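Chain residues, written in single-letter form:
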Amino acid sequence: MLKNVAVVLLDGVHPFELGVVCEVFGIDRSDDGLPRYDFAVVSAEGPELGTHCGFTVSTPYGLERLEEADLIAVPAGETYAEREYPEELLTALRRAVDRGTRVLSVCSGVFVLAAAGLLDGRRCAAHWHNAEQLSRRYPRLTVEPDVLYVDEDPVITSAGTAAGIDACLHIVRKEQGPEVANKIARRMVVPPHRDGGQAQFIERPLPKAPCDTVGEVLAWMEAHLDQEVTVEQLAARAHLAPRTFARRFQQETGTTPYRWILRQRVLLAQELLEGTDETMDAIAWRTGFGTAAALRHQFVRALGTTPNAYRRAFRGPEAA
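Residues numbered from 1 in each chain as written. Predicted model: local features only at pLDDT ≥ 70, side-chain atom pairs only at ≥ 80, totals over all residues. Heavy atoms only, no water.

**Focus: the overall build of the chain**
Working step 1: Along its length, the chain carries 13 helices and 10 strands.
Working step 2: With respect to the principal axes defined by its C-alpha atoms, the chain has extents near 70 × 40 × 35 Å.
Working step 3: Residues classed as buried in the chain amount to 50% of the 320 residues present.
Working step 4: Within the chain, contacts between residues separated by at least 24 positions form 65% of all contacts whose residues are at least 6 apart in sequence.
Working step 5: As displayed, the chain offers around 15400 Å² of accessible surface, 50% of which is attributable to carbon and sulfur atoms.
Working step 6: Positive and negative side-chain charges in the chain, numbering 35 and 44 respectively, have mean positions lying 5 Å apart. (Helix = DSSP H or I, 4+ residues; strand = E, 2+ residues; numbered from the N terminus. Buried < 20%, exposed > 50% of the residue type's maximum accessible area, 1.4 Å probe, protein only. Contact = heavy atoms within 4.5 Å. Areas by Shrake-Rupley, 256 points an atom, 1.4 Å probe, with all protein chains shown as cover. Lys, Arg positive; Asp, Glu negative; His and termini not counted. Charge placed at Lys NZ, Arg CZ, Asp CG, Glu CD.)

**A word on the environment of valine 172**
Working step 1: Mapped onto the secondary structure, valine 172 falls in helix H5 (residues 163-176).
Working step 2: Exposure remark for valine 172: the relative accessible area of 0% places this residue in the buried category.
Working step 3: Residues valine 172 and leucine 2, spaced 170 residues apart in sequence, show a C-alpha to C-alpha distance of 8.0 Å.
Working step 4: The contacts of valine 172, once residues within four sequence positions are left out, are Val24, Phe25, Tyr37, Gly177, Val180, Ala181 and Ile184.

**Observations concerning the UniProt feature "domain: HTH araC/xylS-type" (unreviewed entry) in the chain**
Working step 1: On the UniProt side, "domain: HTH araC/xylS-type" (unreviewed entry) is annotated at positions that read residues 215-313 here.
Working step 2: Helix makes up 76% of residues 215-313 and strand 0%, with an end-to-end C-alpha separation of 34 Å. (UniProt positions renumbered as here; feature names shortened; annotations may be inferred.)

**Observations concerning the sheet that holds strand S10 (residues 155-158)**
Working step 1: Here 6 strands make up an open sheet; going across it, the order is S2-S1-S5-S6-S10-S9 and the pairing mixed. Strands with a single pairing partner mark the edges of an open sheet, and in this sheet they are strand S2 (38-43) and strand S9 (149-152). When the angles between neighbouring strand axes are averaged without regard to direction, this sheet yields 15°.
Working step 2: As judged from the 6 bridges shared by strand S1 (residues 4-9) and S2, these two strands associate in the parallel manner. Bridge assignment links asparagine 4 to a residue of S2, and that residue is aspartate 38. (Pairing = 2+ DSSP bridges. Axes fitted to C-alpha atoms, helices over the stretch in contact; angles between N-to-C directions.)

**Some points on the state of the cysteines**
Working step 1: For the coordinates displayed, the defined rule picks out 0 disulfides.
Working step 2: The closest cysteine sulfur to the non-disulfide-bonded cysteine 22 is located on cysteine 168, 9.8 Å from its own sulfur.
Working step 3: Cysteine 53 takes part in no disulfide bond, and the closest cysteine sulfur, belonging to cysteine 107, lies 13 Å away. (Disulfide = S-S within 2.5 Å.)

**Things to note about the side chain of asparagine 4**
Working step 1: Note on placement: asparagine 4 falls in strand S1.
Working step 2: Those residues in contact with asparagine 4 that sit more than four places away from it in its chain are Asp38, Arg65, Glu68, Ala69, Asp70 and Leu71.

**Some remarks on H5**
Working step 1: The end-to-end C-alpha distance of H5 is 20 Å, a good match for the 20 Å that 14 residues give at a rise of 1.5 Å each.
Working step 2: Of all the 14 residues making up H5, 11 are buried; the element is thus mostly covered by neighbouring parts of the structure.
Working step 3: Among the residues of H5, those classed as buried are Ala163, Gly164, Ile165, Asp166, Ala167, Cys168, Leu169, His170, Ile171, Val172 and Gln176.
Working step 4: Packed against the buried residues of H5 are helix H1 (15-25), strand S5 (71-74), strand S6 (102-106), S9, S10 and helix H6 (178-188).
Working step 5: Taken from the residues just after H5, glycine 177 is the one with a positive phi, measuring 95°. (Expected span 1.5 Å × (residues − 1).)

**Regarding unusual backbone geometry**
Working step 1: Cis geometry is adopted by the peptide bond preceding proline 154, which originates at aspartate 153 and carries an omega value of 15°.
Working step 2: Along the chain, proline 154 turns up in the loop between S9 and S10.
Working step 3: At threonine 79, a residue that is not glycine, the phi angle is positive and equals roughly 60°.
Working step 4: With respect to the element layout, threonine 79 can be found in the loop between S5 and helix H2 (87-98).
Working step 5: Located in the positive-phi region is histidine 239, a residue other than glycine, with phi close to 60°.
Working step 6: Along the chain, the position of histidine 239 falls in the loop between helix H8 (231-238) and helix H9 (242-253).
Working step 7: Histidine 239 sits in the exposed class, given a relative accessible area of 72%.

Here you go:
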């Protein structure tokens, strides 16, 4: 049973990610019939640490406090993706996992777990902004770039910032059941479980053509997303043979005409869901998907969530 929780800090810690762990595990909610955790903030680099916001955090607990923890959380911090870590901390984390303690990272805290070797041969989550860098620096792990968290018990990793809430509530749900997790979520005024993954939040600008061979065709495609087009029609606009056009398109955009227009349609659908009250049928027609069912199918494939869930996430439940 989860009873003892420690969150371990390094210099430059991000206050929000630290606050996420403190909010879930560090508040006494026993008056509401919820479990009270023996909670401690631990420093890996002395009694006083700086945050990336300019203020300091002090704690009387050093790394020895990790020895009694059932769960050790590592929140994000400034330059965590580039810096080196105290060997005493890495050893303490490895020792904790060996004795069955769970470890959790929030956002760039994943780099600490990777440096300890705890992610070798494991899947992990990371903020989409850090995913490629994490993979390059630690090639023995596998980054799942689109998910909010990954549970490779006893190692649990979460993506950017608020995904730490999802991972913390997941641990509570796993250890103490959905009723406890739901009550804590209600007190925090957050959903106990979120639809979809990171894909819906990732900015994916489309590659720009380095020359103007297909530039005019791209502009025409973007302005006519509601129309069905073939490679032959697009090639005619570029005054090229279809096979030559397809090859040039791939060279200049890094993708195929079909995938390019599909991604543009999804992007337009995201904009309409975020900024308008148009119905799903209207959005499907404007984006060239034709039907709400086709829109939903392609939207889920691209972003891992439904159009309705996406609209709720960005505009609130009353907008769905």
